[in-house]
Amino acid sequence: MNSLGRHLLAEFYDCASDALNDPGRVERLMNEAAHLSGATVVQSVFHTFSPHGVSGVVVVEESHLAVHTWPEHNYAAVDYFSCGEVDCDVAVRYLTEHLLPSRVETKEVPRGVFEEREVSLDAPFATNGEGETSLMLKNGEGREQ
């Protein structure tokens, strides 16, 4: 199996609510987390909700780092999708140091998972009777030509 990227989902519980409701601080923390992880920041966009909460994304050349905060619950959800040489765990550790949660839970999801397939140059072609032709692969799956 091979994948196109890594998607790390992190949940931060019992954070300092003042940190979660400060859009400037949240944006600075997220940009710094992206830099420290080895990502190349392209742009960041953040929005403040009324009466509270911040959502934002740091677009990086390797994909994105996003956050949604619920200060009224002292909770933040962060996801880091990377399809490059980025250390997502460094970003989560940095955010943990600054948001001061009592608990952090993470889950990793491989994205764009596919099996590597061997294609034989001697593979037979099949026709479905309507003029459509498929290459028959070793695992029996066809691919339209």
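This one's a predicted model, so the numbers in the text were calculated from it and none came from an experiment.

Asks: Where do I start with the overall build of the protein in this structure?
Replies: Within the protein, the secondary structure is distributed over 3 helices and 9 strands. In the protein, the succession of helices and strands from N to C terminus is β-α-α-β-β-β-β-α-β-β-β-β. Every one of the 145 residues in the protein was classed for burial, and the buried ones make up 34%. Partitioning the intrachain contacts of the protein with sequence separation of at least 6 by distance along the chain shows that 55% fall at a separation of at least 24. For the protein, the exposed area adds up to about 8,700 Å²; of that, 48% sits on carbon and sulfur atoms.

Asks: Is there a simple way to explain the pattern of salt bridges in this structure?
Replies: A pair can form between side chains of opposite charge whenever their charged atoms are brought close. Throughout the structure, instances matching the rule amount to 3 salt bridges. Between Arg6 and Glu108 there is a salt bridge, with its nearest N and O atoms 3.0 Å apart. Of the two residues, Arg6 sits in strand 1 (residues 5-13) while Glu108 sits in strand 6 (residues 103-111), which places them 102 residues apart along the sequence. Note that Arg103 and Glu105 form a salt bridge whose closest N and O atoms lie 2.9 Å from each other. We classify Arg103 as partly exposed; its relative accessible area is 39%. Salt bridges linked by common partners bring Arg6, Asp89 and Glu108 together as one network.

Asks: Please clarify how the sheet that holds strand 3 (residues 54-60) should be interpreted in this entry.
Replies: The pairing of strands in a sheet comes from backbone hydrogen bonds and takes either a parallel or an antiparallel form. Strand order in the open sheet made by the 6 strands is 2-3-4-5-1-6, with antiparallel pairing throughout. The open sheet has two edge strands with one neighbour each: strand 2 (41-48) and strand 6. The average undirected angle you get between the axes of adjacent strands in this sheet is 10°. As paired strands, strand 1 and strand 6 are joined by 9 bridges and run antiparallel to one another. From the neighbouring strand, His7 faces strand 6, where its bridge partner is Val109. Its contacts with the sheet place helix 2 (residues 23-36) against strand 2, strand 3, strand 4 (63-70) and strand 5 (75-82), and it is angled at close to 155° to strand 2.

Calculation rules
- Residues numbered from 1 in each chain as written.
- Predicted model: local features only at pLDDT ≥ 70, side-chain atom pairs only at ≥ 80, totals over all residues.
- Heavy atoms only, no water.
- Helix = DSSP H or I, 4+ residues; strand = E, 2+ residues; numbered from the N terminus.
- Buried < 20%, exposed > 50% of the residue type's maximum accessible area, 1.4 Å probe, protein only.
- Contact = heavy atoms within 4.5 Å.
- Areas by Shrake-Rupley, 256 points an atom, 1.4 Å probe, with all protein chains shown as cover.
- Salt bridge = Lys/Arg side-chain N within 4 Å of Asp/Glu carboxyl O.
- Pairing = 2+ DSSP bridges.
- Axes fitted to C-alpha atoms, helices over the stretch in contact; angles between N-to-C directions.

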